[in-house]
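# A look at the structure
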Amino acid sequence: MRRKDREVTDPGKIREIIAACDCCRLGLCDNGRAYIVPLDFGFAEQDGHYTFYFHSAKEGRKIGLIREAGWAAFEMDTGHEVVSDKVACEYTARFRSVMGGGPVTLVKDPAEKLAGLTALMNHAAGPGDWTFGEAMVNAVEIIRLDVEELSCKVHA
């Protein structure tokens, strides 16, 4: 990271920023070209290792690229604020962001699919006693991204 003064390495702060984000942009490669899709997400964290979960229709461009590549990049951000000035080049923006990448797979295990859906709901709506009907679970694809690379930046 070029701006080390903005780098965040504290695990608690990183988790706080991830929890504050409401959209994760998944980046995939499609014949040498970037394909980026914004997604709702849920996450699990264990010993500083993050797993992100996304839900999707069972077919489509994103699912095909995940099956092909098995790797994805991601980016999420929050806390946007434009800081104005009288001089155009002195304008700036405040933000908090997390980005990285890792192996991406489609979850087949029914118990992990439920865990992924629960993580999505907990992140989107708050912790709850979420239940999912079998038909609902079977109708969606659950995508799992195991984060191997992660950087976090804050411009306050």
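Here is a short report on the structure shown in this document. Keep in mind that what you see is a predicted model, and the values were worked out from it rather than measured. (Residues numbered from 1 in each chain as written. Predicted model: local features only at pLDDT ≥ 70, side-chain atom pairs only at ≥ 80, totals over all residues. Heavy atoms only, no water.)

Attention now goes to the overall build of the chain. On a plain count of helices and strands, the chain comes out with four helices and eight strands. Each helix (α) and strand (β) of the chain, taken in turn from the N terminus, gives the series α-β-β-β-β-α-β-β-α-α-β-β. In terms of its C-alpha atoms, the chain occupies a principal-axis envelope of roughly 55 × 40 × 30 Å. The proportion of buried residues among the 156 residues of the chain is 38%. Taking the contacts inside the chain whose residues are at least 6 apart along the sequence as the reference set, 71% of them involve residues at least 24 apart. Of the roughly 9100 Å² of accessible surface on the chain, a fraction of 52% belongs to carbon and sulfur atoms. (Helix = DSSP H or I, 4+ residues; strand = E, 2+ residues; numbered from the N terminus. Buried < 20%, exposed > 50% of the residue type's maximum accessible area, 1.4 Å probe, protein only. Contact = heavy atoms within 4.5 Å. Areas by Shrake-Rupley, 256 points an atom, 1.4 Å probe, with all protein chains shown as cover.)

Bringing unusual backbone geometry into the picture now. Positive phi outside glycine occurs at Asn31, with the angle close to 55°. As for its placement among the helices and strands, Asn31 is situated in the loop between β1 (24-30) and β2 (33-39). For Asn31, a relative accessible area of 75% translates into the label exposed.

What follows is about the pairing of β1. In terms of residue burial, β1 counts as a mostly covered element, since five of its seven residues are buried. As defined by bridge partners, β1 adjoins β2 across seven bridges and the pair is classed as antiparallel. Note that in β2 the partner of Leu28 across the bridge is Tyr35. The loop that links β1 with its antiparallel partner β2 comprises two residues; one of these, Asn31, has a positive phi angle of about 55°. (Pairing = 2+ DSSP bridges.)

Applying the stated criterion to the full structure yields five aromatic pairs. A centroid spacing of 6.2 Å and a plane angle of 15° characterise the contact between Tyr50 and Phe52, whose relative ring orientation is stacked. Its relative accessible area of 0% is what places Phe52 among the buried residues. Ring-pair connections join several aromatic residues into one group, and the members of that group are Phe41, Phe43, Tyr50, Phe52 and Phe74. (Phe/Tyr/Trp six-rings, centres within 6.5 Å; stacked < 30°, edge-to-face > 60°.)

Moving on, we get to the environment of Asp10. Relative to the helices and strands, Asp10 resides in the segment before α1 (11-20). Overall, Asp10 belongs to the partly exposed group, its relative accessible area being 41%. Between the C-alpha atom of Asp10 and that of Ala20, which follows or precedes it by 10 residues, the distance is 16 Å. Separated by 2.8 Å, the side chain of Asp10 and the backbone nitrogen of Lys13 make a polar contact. (Polar contact = N/O pair within 3.5 Å; in protein donor to acceptor, adjacent residues only side chain to side chain.)

Now for the environment of Ala20. For Ala20, the position within the fold is in helix α1. With 18 residues separating them along the chain, Ala20 and Pro38 place their C-alpha atoms 16 Å apart. Not counting the four nearest positions on each side in its chain, Ala20 is found in contact with Thr78 and Arg96.

Attention now moves to the nonpolar core. Of all hydrophobic cores here, the largest spans 29 residues; its most connected members are Ile18, Phe41, Phe52, Phe54 and Met76. Of all the elements in the fold, those that place two or more residues in this core are α1, β1, β2, β4 (49-56), α2 (61-69), β5 (71-83), β6 (92-106) and β7 (141-146). When sequence neighbours within four positions are dropped, the list of residues in contact with Met76 reads Ile18, Cys21, Cys23, Cys24, Arg25, Phe41, Phe52, Arg96, Ser97 and Val98. (Core = buried A, V, L, I, M, F, W, Y, C linked by side-chain atoms within 4.5 Å.)

Residues that lie three or four places apart on an α-helix share one face, since the helix turns once every 3.6 residues. Here helix α3 (residues 110-125) is 16 residues long and its end C-alpha atoms lie 22 Å apart, about the 22 Å a rise of 1.5 Å per residue gives. Listed as buried for α3 are Glu112, Lys113, Gly116, Leu117, Ala119, Leu120 and His123. One face of α3 carries all of its buried residues, which in axial projection span an arc of 155°. Set apart from the buried face of α3 by more than 90 degrees, the exposed residues are Pro110, Ala111 and Ala125. Structurally, α3 contributes buried residues whose contacts are with α1, β3 (42-46), β4, α4 (134-139) and β7. Gly126 lies just past α3 and shows a positive phi near 100°. (Expected span 1.5 Å × (residues − 1). Arc of directions from axis to C-beta.)

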